[in-house]
Amino acid sequence: MTRKDYLNLIWKSYPAMPSDAQAAGRIYKIEKDGESLKLTLSRDNKIHKIEFAKAPEHSEFLLEGDLVAVVSATQIVLLAPQKSPLPKRIFNKDLLASWSEYLQGIKDFFTQEEFLELKTPSLVTCPGTEPSLDVFSTVLQVGSRKEKLYLPTSPELHLKKALALGAEKIFEIAPCYRNGEITERHQPEFLMLEWYRAYDNLSTIKKDVEKLVVYLAKKLKVEAPKKVRSVSIAELFKHYCDFDLKPDTTKEELKSLAEKLGVDVRSAESIDDYFFLIFMEKIESVLPADELIFVEKYPPYQAALARLTEDGWGDRFEVYWKGLELANAFHELNDPGIQRLRSNEDLEKKKDMGKEVVNLDEEFFQCLEAGMPPSGGIALGVERLFMALQNRPQISEIKVFPKA
């Protein structure tokens, strides 16, 4: 009799798990020695070896890769034959257990700090207007009504609406989606942790970040940053590029600096491009990996959704550790006129870059018109911080089902 005959004629197709099973798992190795049989089973990231003095009935039809249950010294139940090879995925239970503990740790931290957890929509009218980001879209159809919706690149707009509605200390761990992003550090679907403090500013948010990182490092029993420091963009340009960056530094000046430093800027078109390429190659790549670094006071064209300081800098910071950009924080802009102006400028940039131009979220502007309190807010990459804590250089290492 062949295995095919056994599966078709004798085997009870896909039986339930026997209640009296002594062991179960996927067959990793089969060893036969005369009448005896040794099975090595893999289950729960562990190896289990089982010996039979006499091979049970029908065991000759088992193959490595089959799922089986051992009921007794004389009975093996074939739970599921391996008819195709498993997909090439990594299931690291220890790492996943640490990930689960990490996510719970984030929630525990903010609960202890008396924040309210919110859940914002995953289908939105405006996914965000950041010019560099590509988006995912879909269509809602209810009867004859059709409405174009998007997967959010960030929960930011809805969380800010909540601030206007009366929320004060809020956080969310939200799924976010960005098209065209697959690298060692990017996936098209990822988790973003955002939190906001109404009637507050960035100094408190900065303390939150430091406390959160130390709290999670302790919880996961890993090393925390050796040093925490803050440094301005201008100080970094002076130290690493010997250049006096100012709020009114022009595109031509940055282009000349790039040529002097040997930075390839052939792809650059806007002042943002020149700034980004220089910063990436000459500054970000050489920041000390063992320090938690707050990089603050960005040029006004990099202000995004942040206020400007009295001396003309964007009042925001980014957080770096282990060579990774972890988070982006704003002293939130709440002037509806300036916000609409910047959003429209973003849409023009998207149009010039050939990217899909989205509609603005008018309810967001209605909330700003009604009054959103001065606030500090931050967006932190959940996978990024876990990568730093676990010393994992690639985001695909911490996901069971990464996009390749």
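For the structure itself, look to the data block above.
Read on for a plain summary of the structure. Keep in mind it's a predicted model, so treat the numbers as computed, not measured. (Residues numbered from 1 in each chain as written. Predicted model: local features only at pLDDT ≥ 70, side-chain atom pairs only at ≥ 80, totals over all residues. Heavy atoms only, no water.)

**Structural notes on helix α9 (residues 362-370)**
Thought 1: The complete set of buried residues in α9 reads Phe364, Phe365, Cys367 and Leu368. Take α9 and look down its axis: the buried residues cluster within an arc of 155°, on one side only. Facing away from the buried side of α9, by more than 90 degrees, are the exposed residues Gln366, Glu369 and Ala370.
Thought 2: Turning to α9, the residues buried within the fold contact α3 (156-165) and α8 (336-352).
Thought 3: Of the residues flanking the start of α9, the one acting as N-cap is Asp361, its side-chain oxygen 3.1 Å from the backbone nitrogen of Glu363.
Thought 4: Just downstream of α9, Gly371 is the residue with a positive phi angle, here 115°. (Buried < 20%, exposed > 50% of the residue type's maximum accessible area, 1.4 Å probe, protein only. Helix = DSSP H or I, 4+ residues; strand = E, 2+ residues; numbered from the N terminus. Arc of directions from axis to C-beta. Contact = heavy atoms within 4.5 Å. Polar contact = N/O pair within 3.5 Å; in protein donor to acceptor, adjacent residues only side chain to side chain.)

**Considerations on the pairing of strand β7 (residues 137-142)**
Two faces belong to every sheet, and in a regular strand the side chains alternate between them.
Thought 1: In this structure, β7 lies alongside strand β8 (residues 145-150), joined through six bridges in antiparallel fashion. By the bridge assignment, Val142 is partnered in β8 with Arg145.
Thought 2: From the end of β7 to the start of β8, which pair antiparallel, there are two residues, and Gly143 there has a positive phi angle of about 65°. (Pairing = 2+ DSSP bridges.)

**As for the packing of helix α2 (residues 93-112) against helix α4 (residues 202-220)**
Thought 1: As a packed pair, α2 and α4 sit with axes 10 Å apart at the nearest point and diverge in direction by 140°. In this view, α2 runs oblique relative to α4, as classed from their interaxial angle. Note on packing geometry: the crossing formed by α2 with α4 is right-handed. On α4, the residues that touch Ser98, Glu101, Tyr102, Gly105, Ile106, Asp108, Phe109, Phe110 and Gln112 of α2 are Asp208, Lys211, Leu212, Tyr215, Leu216, Lys219 and Leu220. (Axes fitted to C-alpha atoms, helices over the stretch in contact; angles between N-to-C directions. Parallel < 35°, antiparallel > 145°, perpendicular 65-115°, else oblique. Left-handed = near helix turned anticlockwise from the far one by under 90°.)

**As for the side chain of Glu332**
Thought 1: Relative to the elements of secondary structure, Glu332 occurs in the loop between β14 (324-331) and α8.
Thought 2: Not counting the four nearest positions on each side in its chain, Glu332 is found in contact with Glu156, Lys160, Tyr196, Leu305, Arg307, Met372, Ser375, Gly376 and Gly377.

**Considerations on the environment of Lys32**
Thought 1: Within the secondary structure, Lys32 sits in strand β1 (residues 23-33).
Thought 2: Since its relative accessible area comes to 56%, Lys32 is described here as exposed.
Thought 3: As for Lys32 and Val209, which are separated by 177 residues in sequence, their C-alpha atoms are 58 Å apart.
Thought 4: If we ignore the near neighbours within four places in the chain, the residues touching Lys32 are Leu37 and Glu60.

**Comments concerning helix α5 (residues 233-241)**
Thought 1: For α5, every residue scored as buried is listed here: Ile233, Leu236, Phe237 and Cys241. In an axial view of α5, the angular spread of the buried residues amounts to 100°, which keeps them on one side of the axis.
Thought 2: Buried residues along α5 sit against β11 (227-232), α6 (251-261), α7 (271-282) and β12 (291-298).
Thought 3: One or two residues past the end of α5 sits Asp242, with phi positive at roughly 50°.

**A closer look at unusual backbone geometry**
Residues apart from glycine generally show negative phi values, whereas peptide bonds are mostly found in trans.
Thought 1: For Asp242, which is not glycine, the phi torsion reads 50° and is therefore positive.
Thought 2: Relative to the assigned elements, Asp242 resides in the loop between α5 and α6.
Thought 3: Backbone geometry places Ala304, a non-glycine residue, at a positive phi of 55°.

**Quick look at the nonpolar core**
Thought 1: Core analysis: the largest hydrophobic core is formed by 39 residues, its most contacted members being Tyr102, Phe110, Leu193, Trp195, Leu326 and Leu385.
Thought 2: In terms of residue count, α4 provides more of this core than any other element does, eight residues in total.
Thought 3: Phe110 has contacts with Phe115, Phe171, Leu193, Trp195 and Leu212, leaving out every residue within four places of it along the chain.
Thought 4: Of all hydrophobic cores here, the second largest spans 26 residues; its members include Ala268, Phe275, Ile278 and Tyr301. (Core = buried A, V, L, I, M, F, W, Y, C linked by side-chain atoms within 4.5 Å.)

**Considering the pattern of salt bridges**
Thought 1: Taken as a whole, this structure holds 22 salt bridges when the rule is applied.
Thought 2: Of the charged contacts, one joins Asp66 and Arg3 as a salt bridge, the two residues approaching to 2.9 Å between their closest N and O atoms. Placement of the pair is Asp66 in the loop between β3 (46-52) and β4 (67-72) and Arg3 in helix α1 (residues 3-9), with a sequence separation of 63 residues. Exposure class is identical for Asp66 and Arg3. Each is buried.
Thought 3: For Glu117, the salt bridge goes to Lys107, with nearest N and O atoms at 3.7 Å. Separated by 10 residues along the polypeptide, Glu117 in strand β6 (residues 116-117) and Lys107 in helix α2 bring together distant segments of the chain. (Salt bridge = Lys/Arg side-chain N within 4 Å of Asp/Glu carboxyl O.)

**Here's the deal with the sheet that holds β14**
Through backbone hydrogen bonds, the strands of a sheet pair up, either in parallel or in antiparallel fashion.
Thought 1: Ordered by their spatial adjacency, eight strands build an open sheet running β6-β9-β10-β15-β14-β13-β12-β11, and the pairing between neighbours is mixed. Every other strand in the sheet has two partners, leaving β6 and β11 as the edge strands with one partner each.
Thought 2: Taken together, the seven bridges between strand β10 (residues 189-198) and strand β15 (residues 375-381) define a ladder with antiparallel strand orientation. Within β15, the residue paired with Met192 across the bridge is Gly381.

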